[in-house]
Amino acid sequence: MKEKKISEGKTKKIFSTTKEEQLILYFKDDYVLKSGKKLAITNKGKSNGLVSAYLLNYLKSYNVATHFIDQVSEREILVAKLDMLPLEVLVRNFAAGILAERYKVKEGTELECPIIEYYLKHEENEDSMINEDHLISFGHASSDEIKEIHRLSSKINAILRDFFRRRNYHLIDFRIEYGRQNDRIVLGDEISMDTFRLWDLTTDTYLDLERFKRNREKMAEIIDDIKSRLLMESS
Ligand code: ADP
């Protein structure tokens, strides 16, 4: 099935398959800090692959259009090839990180309503925040596509927030990416410990992995714990 590596990003490798319209995403163990420095975290790729497969499939069951087709192995998922938009969508439920800093909102404050932000993806530099007018003006997406991205992101947030809450986590924020498949907007990429931040209500701890960067074993332990709790079938 898997043919050859066609590209390699910061945390995943992409392989072509025997079918032109399908790809395999392979999850690496690399964790990239804000500074750009890479850390190898034991079994991170396996956990992220499993959690992504599970959550993408879960969203599919709520009729969210996603690229997910099948889980190939713990570290690999089979997906529909998309024409990716050069964009990251960040959905926030609680104030954290740069939002808390920039707007002087106390970290951990629950937001009155979720905030959806757009960031342009760059190869090198830090991603820059961009608004709907920029997106249209620069030709990245049409007005209808942006409406659809906004609608889907709100829906995904509502579904995931509940999902995490039932497992005793607050979903602080998460980043997602979209692409086009025959002119339709489809959720791509991953949903994993690399793309969401949680508050553990059991231990009252903010699980932003970056905070544990000096202790790779602890990072591996946190990732493994989240995976186990999320994939528990009973909740
Ligand atoms: P990056 O280094 O770009 O941050 P990754 O290491 O996660 O990212 O590499 C994955 C790449 O695969 C990203 O550029 C992402 O946009 C792209 N991608 C994700 N899903 C799909 C898909 N279904 N079709 C095509 N490209 C995809």
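Residues numbered from 1 in each chain as written. Predicted model: local features only at pLDDT ≥ 70, side-chain atom pairs only at ≥ 80, totals over all residues. Heavy atoms only, no water.

(A) Layout of the packing of helix α1 (residues 44–60) against helix α5 (residues 216–230). For the pair α1 and α5, the least separation of the axes is 10 Å and the interaxial angle reads 25°. Taken together, α1 and α5 sit at an angle that is classed as roughly parallel. Seen from above, α1 lies across α5 with left-handed handedness. Of the residues in α5, those in contact with K44, S47, L50, V51 and Y54 of α1 are I223, D224, K227 and L230. (Axes fitted to C-alpha atoms, helices over the stretch in contact; angles between N-to-C directions. Helix = DSSP H or I, 4+ residues; strand = E, 2+ residues; numbered from the N terminus. Parallel < 35°, antiparallel > 145°, perpendicular 65-115°, else oblique. Left-handed = near helix turned anticlockwise from the far one by under 90°. Contact = heavy atoms within 4.5 Å.)

(B) Representation of the domain arrangement of the protein in the model. For the protein, the assigned domains are domain 1 (2–80) and domain 2 (84–216). Distance from the C-alpha centre of domain 1 to the C-alpha centre of domain 2: 18 Å. Counting from both sides, the interface comprises 28 residues of domain 1 and, opposite them, 27 residues of domain 2. Buried area between domain 1 and domain 2, both sides added, is near 2300 Å², and the carbon and sulfur share of it is 61%. Counting the contacts that link domain 1 with domain 2 gives three salt bridges. For E190, the salt bridge goes to K12, with nearest N and O atoms at 2.7 Å. Of all the secondary structure elements, the ones that give two or more residues to the side of domain 1 that touches domain 2 are β3 (22–27), β4 (30–32), β5 (38–40) and α1. Counting residues per element, the side of domain 1 that touches domain 2 draws most heavily on α1, which supplies 10 residues. Here the side of domain 1 that touches domain 2 is composed, by residue class, of 17 nonpolar, seven polar and four charged. (Domains from an automatic or database assignment. Buried area = accessible area lost by both parts, 1.4 Å probe. Salt bridge = Lys/Arg side-chain N within 4 Å of Asp/Glu carboxyl O. Nonpolar A, V, L, I, M, F, W, Y, C, P; charged D, E, K, R; others polar.)

(C) Representation of unusual backbone geometry. Even without being a glycine, N168 presents a positive backbone phi close to 70°. Examined against the element boundaries, N168 turns out to sit in the loop between α4 (143–166) and β12 (169–181). Phi at N182 is positive, roughly 45°, even though this residue is not glycine. Here N182 lies in the loop between β12 and β13 (184–188). What makes N182 exposed here is its relative accessible area of 75%. (Buried < 20%, exposed > 50% of the residue type's maximum accessible area, 1.4 Å probe, protein only.)

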